Amino acid sequence: MAQDSVDFSSHYQFWMQKLSVWEHASTLETQQDTCLHLPRFQEFLRQMYEVLKELNSSTIIERFPTIGQLLAKTCWNPFILAFDESQKILIWCLCCLINKEPQNSEESKLNSWTRGLLSQILSAFRFDTKEVDLFIQSLGYTPEDYCPGLLKNMVLSLVSELRENHLNGFNTQRMVPEKIRFLSRICIPLVTLPDIEPLVEALLTYHGHETQEVLWPEFFDAVNEAFLLKKISLPTSAVVCLWLRHLPSLEKATLHLFEKLISSERNFLRRIEYFLKDSLLPEAACHPAIFRIVDEMFRYVLLETDGAPEVLAAIQVFTQCFVEALEKKNKQLKFTLKTYFPYASPSLVMVLLQHPKEIKLPGCHVFWFCSRSYGGPFECWFLFIHFGGWADIAAEQLVMSETESSEALLWLLAFSYSPRDGSLQRAQTMVELKAALIHLKKLFRSPTLSAKDLQAVAAESPDRDPRPALCQQLSRRLLLNFLLWAPGGHAIAWEVITLVAPTDEITHEIIGFLDQTLYRWDHLCEEAPRSRKLARELLAELHASSTSQLKVGRGCRDQDP
């Protein structure tokens, strides 16, 4: 409350001066200035309400003697009343001035004056003269029906003009570019009104023959903001036009998605998928220009977070949703794959686009993968992580195969988790993984398994130097696949996990693995009822355990002096 009061007081004079300027001038420049400031002024009204609701009317007038002038000027400005939630917030502010039990004539006058302003707001867009009422009735309408009907007809007429402009071209233009530009500016404070949506859509999808953008930049900003905040509903085609015509809006939409993914506590992949599809970005990314920009932003975040698992998961799910949208939209690709993935061989991308289960993973694919990719190891890896299911399938096959471990699959697994390693480091990692696999395969068909036997795969031995973190992580990944698929692994799975997950970090890693595995199985229609049941049970127990520990930790901190 204190901070709101400081902000409100510091901005009070600025907005009082602005309202005076807007009140005494009606030029296009003044209207433009009004539209540009509407979001900030609405925020000022919110701050005002937060301050006023804590005070009685007498204290309000004492602390802010000119507040009546400010509110009156606001009530008579149609642009402010039409913008988003400003009218509603203004009504709240006025209600704070009303004294329920006036003690003197001054308070009674204030009540009467305030109610007059409230009546002005509530009737701001109604025609109340007898002449207008008679005219409306002669047309067969009631006064309540006429204004919405008039607005709807105006919007439909403008939409029709815009579409005829688009279809007829130069020769029979009914609406000149200047008028279209002016129309987009007038729509800025109105974009959240449902009756205006057809006009907003028509403006976004309008493509004239002008060499420069004809729509007002602030119009794009306003529409994008309303769309991101779910204050307006637009078809995908209109959203694609918005993002193609105004790249800052696309960048803001992508950042808005990142904020959602980061702000939530540990997102499961289904929730990430919901956020992605709700954003319309995967569907819009069917246009290569949008895909490339979003993909570059993912690349930047990936580098900034040093390959954080959450970012890797988001890229993988984004690609999954994008491929689904692409398949749904185009039976035959409208654009070549080269336009989406310029640093990779198209034939390689075609292989990766297929479900990993549909193709056995022979060793030649791995080395072909490296030799055919452009831009070095990072570009190779960045392409590969879009299709992360391949690495997961490799880990499963390494554990389940009865033959000797494939060098190609070992290399693929090591490369997918640490692409920056040199050949010597990767070779050492493969040696460690092969040793872990030999141990696991000996136990795979064993009738009796103990948690201690399996703990040796992931645990450190006092007889040797500590293994690199990568080797430990990949060994845990192989061990978890073993528990899900080995006949005897189900009975001791929980005991093994409690032994190999001594830290919250490793627990979160295992939760991520189980969630990703279930998500992949669902998409590939994997028929593994026993393994699926175990994965769900382990995930539920780990999630419950992690949540309870978090609550205990918070409780301890709350009790600290």
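Bear in mind the structure is a predicted one, so any value in this text is a computation, not a measurement.

**Student:** Is there a simple way to think about the overall build of the chain in this case?
**Tutor:** Within the chain one finds 30 helices and zero strands. In the chain, which comprises 561 residues, the proportion classed as buried is 47%. When contacts within the chain are restricted to residue pairs at least 6 apart in sequence, long-range pairs at least 24 apart make up 69% of them. Surface accessibility of the chain: about 29,100 Å² in total, with carbon and sulfur atoms responsible for 56%.

**Student:** How do you make sense of the packing of helix 25 (residues 423–444) against helix 27 (residues 469–485) when you look at a structure like this?
**Tutor:** Working note: a packed helix pair is described by the angle between its axes plus the distance between those axes. It is at 10 Å that the axes of helix 25 and helix 27 come closest, and there the two elements cross at 20 degrees. The orientation of helix 25 relative to helix 27 falls into the category roughly parallel. Crossing of helix 25 against helix 27: the hand is right-handed. The segment helix 25 lies against helix 27, with Thr-429, Glu-432, Leu-433, Ala-436, Leu-437, Leu-440, Leu-443 and Phe-444 engaging Leu-470, Cys-471, Leu-474, Ser-475, Leu-478, Leu-479, Phe-482 and Trp-485.

**Student:** How should I be thinking about empty space enclosed by the protein in this particular structure?
**Tutor:** A water-sized probe, rolled over the atoms, reveals where empty space remains. Overall, the coordinates contain three cavities of 30 Å³ or more when judged by the stated rule. Estimated volume of the largest cavity: approximately 140 Å³. Forming the boundary of the largest cavity are 15 residues, of which Arg-299, Phe-341, Pro-342, Tyr-343 and Glu-379 lie nearest the centre. Put simply, the parts of the chain that give the lining of the largest cavity at least two residues each are helix 17 (288–304) and helix 22 (376–386). Counting residues per element, the lining of the largest cavity draws most heavily on helix 22, which supplies five residues. By residue class, the composition of the lining of the largest cavity is eight nonpolar, two polar and five charged.

**Student:** Just checking my understanding: could you explain the side chain of Ser-418 for this structure?
**Tutor:** Residue placement: Ser-418 occurs in the loop between helix 24 (407–417) and helix 25. Excluding residues that lie within four positions of it along the chain, Ser-418 makes contacts with Arg-426 and Leu-470.

**Student:** So what exactly am I meant to see when it comes to the packing of aromatic side chains here?
**Tutor:** Summed over all chains, the structure comprises 24 aromatic pairs. Ring centres of Phe-298 and Phe-318 lie 5.3 Å apart, and the angle between their planes is 45 degrees; on these two criteria the pair is classed as tilted. In this pair, Phe-298 is assigned in helix 17 and Phe-318 in helix 18 (residues 309–329), connecting sequence segments 20 residues apart. No difference in accessibility class separates Phe-298 from Phe-318, as the two residues are buried. Taken together through their ring pairs, the aromatic side chains of Phe-258, Phe-291, Phe-298, Phe-318, Phe-322, Tyr-340, Phe-341 and Phe-387 make up a single cluster. A cation sits over an aromatic face here: Arg-185 above Trp-216, 5.1 Å from the ring centre. In this arrangement the basic side chain of Lys-230 is found over the ring face of Phe-227, its NZ or CZ atom lying 5.8 Å from the centre.

**Student:** Explain the nonpolar core here, please?
**Tutor:** Generally speaking, soluble globular proteins have nonpolar side chains that are buried together. Core analysis: the biggest nonpolar cluster contains 139 residues, and Leu-199, Phe-219, Trp-243 and Phe-482 have the highest contact counts within it. The dominant element in this core, judged by the number of residues it contributes, is helix 18, at eleven residues. Not counting residues within four places of it along the chain, the set of residues in contact with Phe-219 comprises Ser-184, Cys-187, Ile-188, Val-191, Val-200, Leu-203 and Leu-204. Of all hydrophobic cores here, the second largest spans 33 residues; its members include Phe-8, Leu-52, Leu-55 and Leu-71.

**Student:** When you look at the confidence of the model for the chain in this model, what are you seeing that I'm missing?
**Tutor:** Atom-level detail of predicted coordinates should not be read off regions where pLDDT is low. When pLDDT is averaged along the chain, the result is 81, and 81% of the positions lie at 70 or above. Mean pLDDT values for the elements of the chain range from 48 in helix 8 (residues 130–138) up to 96 in helix 16 (residues 281–284). With pLDDT under 50 throughout, residues 125–132 is counted as low confidence; its partners more than four residues away or in other chains account for nine contacts. In the predicted structure, residues 554–561 sits below a pLDDT of 50 and forms one contact with residues beyond four places in sequence or in another chain.

Basis of the calculations
Residues numbered from 1 in each chain as written. Predicted model: local features only at pLDDT ≥ 70, side-chain atom pairs only at ≥ 80, totals over all residues. Heavy atoms only, no water. Helix = DSSP H or I, 4+ residues; strand = E, 2+ residues; numbered from the N terminus. Buried < 20%, exposed > 50% of the residue type's maximum accessible area, 1.4 Å probe, protein only. Contact = heavy atoms within 4.5 Å. Areas by Shrake-Rupley, 256 points an atom, 1.4 Å probe, with all protein chains shown as cover. Axes fitted to C-alpha atoms, helices over the stretch in contact; angles between N-to-C directions. Parallel < 35°, antiparallel > 145°, perpendicular 65-115°, else oblique. Left-handed = near helix turned anticlockwise from the far one by under 90°. 1 Å grid on protein atoms, 1.4 Å probe; cavity = no way out; pocket = protein on both sides within 12 Å on 5 of 7 lines; lining within 4 Å. Points joined across faces, edges and corners; volume = space filled by probe spheres on them. Nonpolar A, V, L, I, M, F, W, Y, C, P; charged D, E, K, R; others polar. Phe/Tyr/Trp six-rings, centres within 6.5 Å; stacked < 30°, edge-to-face > 60°. Lys NZ or Arg CZ within 6 Å of the ring centre and 35° of its normal. Core = buried A, V, L, I, M, F, W, Y, C linked by side-chain atoms within 4.5 Å. pLDDT = per-residue confidence, 0-100.

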